[in-house]
Amino acid sequence: MLLIVNIAMLIFMLAPLLVVVWMSTTPTQLFILPFTDFSLRWYSAAFAHPGFLEAFWLSVRLAFVSSLISVVLSLLASYALLRGRRVRGLELADGLFMSPLIVPAVVFGIAMLQFINLIGLYNTFASLVLAHVIIVTPFSIRTLQSSLRALPVELEWAAENLGASRLTVLLRIVLPVCARGIMAAFLLAFLISFSEVTVTIFITGPGYQTLPVRIYNYLTDQVDPTVAAISTMLIVLSIVLALLLDRLGGLVNLKK
Amino acid sequence: MNDAQSRRVGPLVLLLPLLALMLAFYLWPLLQTVINSFHPFELSGIDFSRWTFDNYARLFDPYYASVFLRTARISLIITLITCALAYPVALYIVGLRSRLQAIILLVYMAPWLVNVVVKAFGWSLILSGNGVINRSLRGLGVIDAPLQLMFNETGIIIGLVHGHFVFALLPLWAALGELDPRLKWAAANLGASRAQVFLKVVLPLTLPALLAGAFINFTMNMAAFATPALLGGSRARVISFVAYEVNLVELNWPFGGALAMALLVLTLVPIWLSLRIASGRKTAPVEA
């Protein structure tokens, strides 16, 4: 009984992904059911489509810049939270950094939409970066905190006793020892930013459509195998990034 | 240790850049939206010279009230289906060897890693009038006219049971794994049937995890946007979809802000409840 439920659920979980991959290789415009022929023409169509290519590069740039900013600021903040003096209100700061996980994306998207219009940042790359930094920061913070906790404080004391300045300790001890954790935080942040849809839909102007937003808009008026080809490439990219993350021990933090 | 710690005031300064960014571009926008929602909306924009509660009163208009009720009803149905399916799946997984457990869990996590838009696209290929299900059923001669499986509540329910399944599964899997097998042996030795062991021992001990997962799942269903928008659309409007229309089509930000705040409160209450349940547990709490 349990086995049957489980097999049915595994099929249910994978079905929509498999159908997308399947459709991306049909030679015809329409999706014909008994699958016989194989064609890669929709992949070349996807690469020839200027809108999607442009959106892909925008997404990569956005994910790169916002993950970089988030990881640098989160590294400093996590270090401060771990090694700084215990003052009152520190939990509040930690709660603030983690709260974008709890506040629904729709709510933050609406707030950001109204805010960036008020301060005149509508339809700019900067507004997207700001929103994405905030969205990915809880993930950076959690990953970096668990990495920093594994760092023995005696190592830092030893360096300081030998005359190293605080900056030197950070650059020569903390950075190299936590390199894997930092890399994992960056990859996770990149993955989250790259697939972010909701907040981006609310705040983006016509000039800055990320790849998921472009796919979303495309789907609201038509469906053809070009989207299937792009989606398949996105699935593969997610799997590759996830496997890399798993290698770096980043997914372990999420499973907890 | 304490002496050395208190000497190190310096590192605390490193907190400031992120704190400043979060205050300026996260907390301020949220507070600004609250402020906006207490002002009247004019065609020229927000009238900041007057204050009003009208935007909140409007939430109780029959149309908006019905949208809230529909969203809550759909979310609850999704949560019930999810829990009913997650429990047997978790029970099955904990019985496997740990290597196999990891692989199967990864399959359940896979949809989480895939973009929500891609998942909705996949479902539309399966559920649409020309999709896999309708074509197969027509091919087999079971139906004449295509079944309406998307652009209605059914589509939203299928899409979100799929999308949020893992968040109910993981806490259950963790709780069932922590369960001391000797409890089950003891109950069985004392003459309990398998059904009794499950109902009197296993279920009560894992109930907190089930409830915690259910609350998180419910919250995510209430707040979901892309999946209901693509699989339900304007024929099954949920709160987030209406909030999108009010903010980006009508451009009525004060009322749009009120909708956002209502949605925030409606999602924070279940989260708060689930935290209460988690802190009431005697075993180590599962961190999200």
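Scoring rules and cut-offs
In every chain, residue numbers begin from 1 and rise along the written sequence. Written order decides the labels, with chains lettered from A and ligands numbered from 1. Whole-chain, interface and lining totals are the exception, using all residues; otherwise, since this is a predicted model, local features are given only for residues with pLDDT of at least 70 and side-chain atom pairs are given and counted only at 80 or more. Hydrogens and water molecules were not included; the side-chain quantities draw on all heavy atoms of the structure. Going along the chain from the N terminus, every DSSP run of H or I of four or more residues is numbered as a helix, and every run of E of two or more is numbered as a strand. Radius of gyration: C-alpha atoms only; globule rule: 2.2 Å multiplied by the number of residues to the exponent 0.38. Using a 1.4 Å probe on the protein chains alone, a residue whose accessible area is under 20% of its type maximum counts as buried, one over 50% counts as exposed, and one in between counts as partly exposed. Two residues qualify as a contact provided that any one of their heavy atoms is within 4.5 Å of a heavy atom in the partner residue. Reported accessibility uses the Shrake-Rupley method at a 1.4 Å probe radius. Residues are deemed covered only where the shown protein chains occlude them. By the counting scheme adopted, Arg and Lys are positive, Glu and Asp are negative, and His together with the chain ends is not counted. Note that the charge is assigned to NZ on lysines, CZ on arginines, CG on aspartates and CD on glutamates. Every case where a carboxyl oxygen of Asp or Glu lies within 4 Å of a side-chain nitrogen of Lys or Arg is listed as a salt bridge. The buried area of a pairing is the accessible area, by a 1.4 Å probe, that goes missing from both parts when the two are put together, added over both. N or O atoms within 3.5 Å of each other form a polar contact, as long as, within protein, one can give a hydrogen and the other can take it, and as long as residues adjacent in sequence are counted only when both atoms are side-chain atoms. Residue classes follow a fixed rule: Ala, Val, Leu, Ile, Met, Phe, Trp, Tyr, Cys and Pro count as nonpolar, while Asp, Glu, Lys and Arg count as charged, and any other residue, Gly among them, counts as polar. We define the nonpolar core as a collection of buried residues of types Ala, Val, Leu, Ile, Met, Phe, Trp, Tyr and Cys that are connected through side-chain atoms lying within 4.5 Å of one another. In summary, the pairing rule links any two rings of Phe, Tyr or Trp, Trp by its six-membered ring, whose centres are within 6.5 Å, and it sorts them by plane angle into stacked for under 30 degrees, edge-to-face for over 60 and tilted for everything else. To get an axis, a line is fitted to the C-alpha atoms, and for a helix only the part in contact is used. The angle between two axes follows their N-to-C directions and goes from 0 to 180 degrees. An angle below 35 degrees is read as roughly parallel, one above 145 as roughly antiparallel, one from 65 to 115 as roughly perpendicular, and any other as oblique. The hand of a helix crossing depends on one turn: near helix anticlockwise from the far one by less than a right angle means left-handed, and clockwise means right-handed. By this rule the span expected of a helix is its residue count minus one, scaled by 1.5 Å. We define the bend at each residue as the angle formed by axes fitted to the 7 residues ending at it and the 7 residues starting at it.

Trainee: Looking at this structure, how should I read the overall build of chain B?
Mentor: Scanning chain B for helices and strands turns up 14 helices and 2 strands. Relative to the 2.2 N^0.38 estimate, which gives 19 Å for 288 residues, the radius of gyration of chain B is 24 Å and therefore markedly larger than a compact globule would have. Counting only C-alpha atoms and orienting by the principal axes, one finds that chain B spans roughly 80 × 75 × 30 Å. In chain B, buried positions account for 50% of the 288 residues. Of the contacts formed within chain B by residues at least 6 apart in sequence, a portion of 68% connects residues at least 24 apart. Carbon and sulfur atoms form 68% of the exposed surface of chain B, whose accessible area is close to 13800 Å². Taking the average location of the 20 positive side-chain charges in chain B and that of its 12 negative ones, the two points are 15 Å from each other.

Trainee: How do you make sense of the pattern of salt bridges when you look at a structure like this?
Mentor: Side chains that differ in charge, positive against negative, can pair when their charged atoms come close. All names here are of chain B. Applying the stated rule across the entire model yields 7 salt bridges over all chains. With a closest N to O distance of 2.7 Å, Arg-50 and Glu-42 form a salt bridge. Note on Arg-50: relative accessible area 43%, which makes it partly exposed. Overall, the relative accessible area of 31% leaves Glu-42 in the partly exposed class. When the shortest N-O distance is used, the salt bridge between Glu-153 and Arg-73 registers 2.8 Å. Here Glu-153, found in helix α8 (residues 153-163), pairs with Arg-73, found in helix α4 (residues 62-94); they are 80 residues apart in sequence, far enough to count as distant. According to the relative accessible area criterion, Glu-153 is partly exposed, its value standing at 24%. Among the charged side chains, a network of salt bridges with common partners joins Glu-42, Asp-47 and Arg-50.

Trainee: I would appreciate a short explanation of the interface of chain B and chain A in the present structure.
Mentor: Quite often, the size of an interface is put as the accessible area lost when its parts meet. The partner chain A presents 86 residues to the 81 residues of chain B that form the contact. Together, the buried faces of chain B and chain A total about 8000 Å²; carbon and sulfur atoms form 80% of this surface. If you look at where chain B meets chain A, you find 0 salt bridges. Taken together, the connections running from chain B to chain A amount to 7 residue pairs in polar contact (both at pLDDT 80 or more). No other element matches the 16 residues that helix α2 (residues 16-37) of chain B contributes to the side of chain B that touches chain A. Taken together, the residues of the side of chain B that touches chain A break down into 61 nonpolar, 15 polar and 5 charged.

Trainee: Just to check I follow, could you spell out the nonpolar core for this structure?
Mentor: Among soluble globular proteins, nonpolar side chains are generally buried collectively. All names here are of chain A. Residues Phe-97, Phe-108, Ile-203 and Ile-215 are the most contacted members of the largest nonpolar core, which totals 140 residues. Element by element, the count of residues in this core is highest for helix α6 (residues 125-149), at 12 residues. Discounting residues that sit within four places of it in the chain, Ile-203 has contacts with Gly-109, Met-112, Leu-113, Ile-116, Tyr-122, Ser-127, Leu-128 and Ala-131.

Trainee: Explain the packing of aromatic side chains to me, please; I cannot follow it from the model alone.
Mentor: Each aromatic ring pair is described using two quantities: the centre-to-centre distance and the angle formed by the ring planes. Evaluated as defined, the whole model comprises 21 aromatic pairs over all chains. A centroid spacing of 6.2 Å and a plane angle of 80° characterise the contact between Phe-115 of chain A and Phe-25 of chain B, whose relative ring orientation is edge-to-face. With one member in each of two chains, Phe-115 of chain A in helix α5 (residues 105-118) and Phe-25 of chain B in helix α2 form a pair that bridges those chains. Aromatic side chains Phe-190 of chain A and Phe-194 of chain A sit 6.0 Å apart centroid to centroid with 10° between the ring planes, which places their arrangement in the stacked category. One end of the pair is Phe-190 of chain A and the other is Phe-194 of chain A, both in helix α9 (residues 179-195) and 4 residues apart, which spans about a single turn. For the pair Phe-190 of chain A and Phe-194 of chain A, one class covers both residues: buried. By the ring-pair criterion, three or more aromatic residues cluster together here, those being Phe-56, Trp-57, Phe-64, Phe-186, Phe-190 and Phe-194 of chain A.

Trainee: What is the right way to look at the packing of helix α6 (residues 116-127) of chain B against α8 of chain B in this model?
Mentor: What describes two packed helices is the angle between their axes and the distance between those same axes. Residue and element names in this part refer to chain B. Relative to each other, α6 and α8 sit at 135°, their axes nearing to 11 Å. Relative to α8, the element α6 is oriented oblique. At the point where α6 passes α8, the crossing takes the right-handed sense. The segment α6 lies against α8, with Lys-119, Trp-123 and Leu-127 engaging Gly-155, Ile-158, Gly-159, His-162 and Gly-163. Its residues placed into classes, the contact of α6 with α8 shows 3 nonpolar, 4 polar and 1 charged.

Trainee: What is the right way to look at α6 of chain A in this model?
Mentor: Three- or four-residue spacings in an α-helix give side chains the same orientation, since the helix completes a turn every 3.6 residues. Residues and elements named next belong to chain A. In this model α6 runs 35 Å from its N-terminal to its C-terminal C-alpha over 25 residues, within 8% of the 36 Å that 1.5 Å per residue would give. Considering bend angle alone, the principal kink of α6 is centred on Val-136 and spans about 40°; proline Pro-138 follows within four residues of it. Of all 25 residues in α6, 20 are buried; the element is thus mostly enclosed.

Trainee: In this structure, what is going on with the side chain of Glu-196 of chain A? I would like to understand it.
Mentor: Along the chain, the position of Glu-196 of chain A falls in the loop between α9 and α10 (198-203). Despite its burial, Glu-196 of chain A remains without a salt bridge, the nearest opposite charge being carried by Lys-119 of chain B at 12 Å. Within polar-contact distance, the side chain of Glu-196 of chain A engages the backbone nitrogen of Thr-198 of chain A at 3.5 Å. In this view, Glu-196 of chain A contacts Ala-105, His-132, Ile-135 and Pro-212 of chain A; residues no more than four positions away in its chain are not counted.

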